[in-house]
Amino acid sequence: MSKKNYAGIPDKYARIDEAKVVLIPVPYDGTSTWQKGADKGPDAFLEASENMELYDIETRSEVYKKGVYLAPAVTEDSSPEKMVEAVYKTTKNYIAQDKFVTLFGGEHSISIGSIKAFSESFADLTVVQLDAHADLRPEYEGSKCNHACAMHEASKKTNLIQVGIRSMDISETEHMDENQVYFGHDLYEDWMDDAIGQMTPNVFITIDLDAFDPSILPSTGTPEPGGLFWYETLEFLKLMFKKKNVVGFDIVELCPKEDEKSSDFLAAKLYYKMLSYKFKYQNYNEEDDDE
Ligand SMILES: [Mn+2]
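As the structure is a prediction and not an experimental result, all values here were calculated from the model.

Just checking my understanding: could you explain the pattern of salt bridges for this structure?
Close approach of charged atoms allows side chains of opposite charge to pair. Counting across every chain of the model gives 11 salt bridges. In this structure, Arg137 and Asp169 form a salt bridge, with 3.9 Å as the shortest nitrogen-oxygen distance. With Arg137 in the loop between strand 4 (126-130) and helix 4 (152-157) and Asp169 in the loop between strand 5 (159-165) and strand 6 (181-183), the pair connects residues that are 32 residues apart, well separated along the chain. Judged by its relative accessible area of 30%, Asp169 is partly exposed. For Lys157, the salt bridge goes to Glu153, with nearest N and O atoms at 3.7 Å. Here Lys157 and its partner Glu153 are both found in helix 4, four residues apart, which amounts to about one turn of the helix.

How do you make sense of the packing of aromatic side chains when you look at a structure like this?
Where two aromatic rings form a pair, the distance of their centres and the angle of their planes describe that pair. Per the counting criterion, the structure on display carries 16 aromatic pairs. Consider the rings of Phe100 and Phe279, whose centres lie 6.2 Å apart with planes at 80°: the pair is edge-to-face. Taken together, the residues Phe100 in strand 3 (residues 100-105) and Phe279 in helix 7 (residues 262-281) connect sequence positions 179 residues apart. Classification of Phe279 as buried rests on a relative accessible area of 14%. Put simply, the rings of Tyr6, Phe45, Phe100, Phe104, Phe249, Tyr271 and Phe279 pair up and form one aromatic cluster. Sitting above the plane of the Tyr281 ring, Lys242 keeps its charged end 5.1 Å from the centroid.

Would you take a moment to explain the packing of helix 2 (residues 80-96) against helix 3 (residues 110-121) for this structure?
A pair of packed helices can be characterised by two numbers: the angle between their axes and the separation between those axes. Orientation of helix 2 relative to helix 3, taken along the N-to-C sense of each, is 35°, at an axis distance of 7 Å. Crossing of helix 2 over helix 3 shows right-handed handedness. Two secondary-structure elements touch here, helix 2 through Met83, Val84, Glu85, Val87, Tyr88, Thr91, Lys92 and Ile95 and helix 3 through Ile110, Ile112, Gly113, Ser114, Lys116, Ala117, Phe118, Glu120 and Ser121. Here the contact of helix 2 with helix 3 is built from residues that sort into nine nonpolar, four polar and four charged.

About the thresholds
- Residues numbered from 1 in each chain as written.
- Predicted model: local features only at pLDDT ≥ 70, side-chain atom pairs only at ≥ 80, totals over all residues.
- Heavy atoms only, no water.
- Salt bridge = Lys/Arg side-chain N within 4 Å of Asp/Glu carboxyl O.
- Helix = DSSP H or I, 4+ residues; strand = E, 2+ residues; numbered from the N terminus.
- Buried < 20%, exposed > 50% of the residue type's maximum accessible area, 1.4 Å probe, protein only.
- Phe/Tyr/Trp six-rings, centres within 6.5 Å; stacked < 30°, edge-to-face > 60°.
- Lys NZ or Arg CZ within 6 Å of the ring centre and 35° of its normal.
- Axes fitted to C-alpha atoms, helices over the stretch in contact; angles between N-to-C directions.
- Left-handed = near helix turned anticlockwise from the far one by under 90°.
- Contact = heavy atoms within 4.5 Å.
- Nonpolar A, V, L, I, M, F, W, Y, C, P; charged D, E, K, R; others polar.

Now the structure itself:
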């Protein structure tokens, strides 16, 4: 794992005491079923971030000046359960220090730990999941902490809203609240305001990168046709950051390939866009809207 600062930012913006944002890399890939490689996700993401321009045109901001502390990676991998526990404790520790906590995976099972930490720390939490897969199985291959189960606990303990879903097992239907699911094949209709209307004030966002269409993000473990595109995703994210208190987020399932770098850059830009929106819109009110 790189010991450099996030995105090569100057030391004065990278120190824990000054930084408003904490980034926790979790290079875990213990339970993935098909293509391995999500453990290489954080390094590829960080490398792309170092080669990205840090002025955000849309928000006219340089959000890195709020400070981004790159935490030591969570490397516990002796079992899925122990990894989840380590992610949970690390996340909770930084939330308690009043940081805006973000994570980069690794496979989606890491979110079991992050969501547990956020749902204990923020009242009445909504979890918004962007994902090709439902991930609602209670257990898979002998573990409740398998990537295929990433959202099961969230579906029982938080207000879960699922976006972009286009692959699931029939057994998952009993754990799914279809009123709060925006399937891939329904995303051509107006759906964003409906989804926003179902959210409580505190929102955590978990982005499985396979939510994106494989034409713009091929480097992921289990790509599915018919996914989200760039600007519609940004529009939805921006709406959430404007209308809700987004308390944190994670991004998972980048499975980098040697000869395909555009996915790494999409992930890097997505992360930076979300920080830019967070700090541009955290005190947003409708009257200030200049659009
Ligand atoms: Mn997933």
